[in-house]
Amino acid sequence: GVVHVLQGEFDQGLQHYQQSLQISHQSIQAHPEERYWYRHAALVYNNIGDLLEQQGKLDAALQNYQDARVIYEKEIQATPDNASTQMSLAIAHENICSIARTRGDWANAEKHCTIALDLYQKLAHLDANDTSRQHGLARMNIAQGLIKRSQGQIPEALAGLQAGVAIGEKLALINPDHVEWQHYLAWGIAQLGLMPENPVPPGTRTAMLKKAQDILRVQQPKAPLPHWMKDLPDQLQRALGASSPAG
């Protein structure tokens, strides 16, 4: 399923995901004591949700993300100290937050963003060297910044964006070739540069926009942009054009 999705073959990918989910549920019925199959079903729900979200099928995507969340919450009740399950639950809340943000449902976006951010913070506190946890922190700080901006809370918005970018810059130094980290770093920097309420000098704003643009250009041959970042290159180009002196 994953291979088909990466190749843009969404129908085939969905078919394989659904087959995998059916196997998970059959295995749960046959062996309810085997916790692996519950976690596997939740993983597939998340994958289906991501595929449907890319297609703009937000209602169906949200239902799958919620199904994953419910399973992970039950798993944490059974094994409260399982860091892997806590990480998976954070991702489920992050995905639900993504749908809410797309819809402009800022109350639910803030609710699920806060839960995900708290989980990532706790996990990072347990192991500060785990880069996947740090990247989760970066993502959710940026998301929180955008949510706060939508609510008119500008100082909190700037703090969230700046915190996310700071973590992203550290991760980029650890592995400059990690495309996903670079994409999120460019996204965070771009949001700071595109935000008119950000009280920075024009030269600093232009430098932010150019830095984000440069990161995207370097990463372009390596992997396509995530679906939610497709418009960012054009936004940066327009903003840089508008900031250039006439003549």
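Structure: see above.
Throughout this document, residue positions are counted from 1 along each chain, in the order its sequence is written. Per-residue local features of the predicted model are confined to residues with pLDDT of at least 70, and side-chain atom pairs are confined, for both listing and counting, to 80 or more; whole-chain, interface and lining totals are unaffected and use all residues. No hydrogens and no water enter the side-chain calculation; it runs on all heavy atoms of the structure.

1. Details of the state of the cysteines
Note: disulfide means a covalent bond formed between the sulfur atoms of two cysteine side chains. Cysteine sulfur atoms that pair up within 2.5 Å are treated as a disulfide. This model, assessed by the stated rule, comprises 0 disulfides. Free cysteine: Cys97, not disulfide-bonded; nearest cysteine sulfur from Cys113 at 4.6 Å. Burial classification: accessible surface area is computed with a 1.4 Å probe over protein chains only, and a residue below 20% of its type maximum counts as buried, one above 50% as exposed, and the rest as partly exposed. Residue class for Cys97 comes out buried when judged on its relative accessible area of 1%.

2. Observations regarding the layout of surface pockets
The pocket and cavity definitions rest on a 1 Å grid over protein atoms only: a 1.4 Å probe that fits but cannot leave marks a cavity, an open set with protein on both sides within 12 Å along at least five of seven lines marks a pocket, and residues lining either have an atom within 4 Å of a point. Grid points are joined across faces, edges and corners, and a volume is the space filled by probe spheres set on the points. In this structure, the second largest pocket spans a volume of roughly 190 Å³. As for the second largest pocket, its lining consists of His183, Gln213, Leu216, Arg217, Gln219, Gln220, Ala223, Pro224, Leu225, Pro233 and Leu236. A run of H or I in DSSP counts as a helix once it spans at least four residues, and a run of E counts as a strand once it spans at least two, with each numbered from the N terminus. For the lining of the second largest pocket, the secondary structure elements donating two or more residues are α10 (202-219) and α11 (232-243). Counting residues per element, the lining of the second largest pocket draws most heavily on α10, which supplies 4 residues. Each residue is assigned to one class: nonpolar for Ala, Val, Leu, Ile, Met, Phe, Trp, Tyr, Cys and Pro, charged for Asp, Glu, Lys and Arg, and polar for all the others, Gly among them. Split into classes, the residues belonging to the lining of the second largest pocket amount to 6 nonpolar, 4 polar and 1 charged.

3. Some remarks on the packing of helix α3 (residues 35-54) against helix α4 (residues 58-78)
Contact geometry for α3 and α4: axes closest at 8 Å, N-to-C directions at 160°. Here α4 runs roughly antiparallel to α3, going by the angle between their axes. You can see that α3 and α4 cross each other, and the crossing is left-handed. Classifying every residue of the contact of α3 with α4 gives 14 nonpolar, 3 polar and 6 charged. Here an angle of 0 to 180 degrees is reported between the N-to-C directions of two axes, which are lines fitted to C-alpha atoms, with helices fitted over the stretch in contact. To sort the angles, those under 35 degrees are grouped as roughly parallel, those over 145 as roughly antiparallel, those from 65 to 115 as roughly perpendicular, and the leftovers as oblique. The sense of a crossing depends on the near helix, which, turned anticlockwise from the far helix by less than a right angle, makes the crossing left-handed and, turned clockwise, makes it right-handed.

4. Section: the packing of aromatic side chains
Side-chain rings of Phe, Tyr and Trp (the six-membered ring for Trp) are treated as a pair once their centres are within 6.5 Å; stacked means planes under 30 degrees apart, edge-to-face means over 60, and tilted covers the remaining angles. What the rule picks out here adds up to 3 aromatic pairs. Ring geometry for Tyr36 and Trp37: centres 4.9 Å apart, planes at 75°, overall edge-to-face. Here Tyr36 falls in the partly exposed class, since its relative accessible area comes to 45%. Between the aromatic rings of Trp187 and Trp228, the centroid separation amounts to 5.2 Å while the plane-to-plane angle is 80°, which identifies the pairing as edge-to-face. You can see Trp187 sitting in helix α9 (residues 179-194) and its partner Trp228 sitting in the loop between α10 and α11, a full 41 residues away along the chain. You can call Trp187 buried: its relative accessible area is 12%. On the basis of relative accessibility, which here comes to 32%, the residue Trp228 falls in the partly exposed class. Feature note: the residues Tyr184, Trp187 and Trp228 constitute an aromatic cluster, connected by ring pairs. Each ring is checked for a lysine NZ or an arginine CZ that lies within 6 Å of its centre and within 35 degrees of its normal; such an atom marks a charge sitting over the ring. Directly above the aromatic system of Tyr38 lies the positively charged group of Arg35, at a separation of 4.2 Å from the ring centroid.

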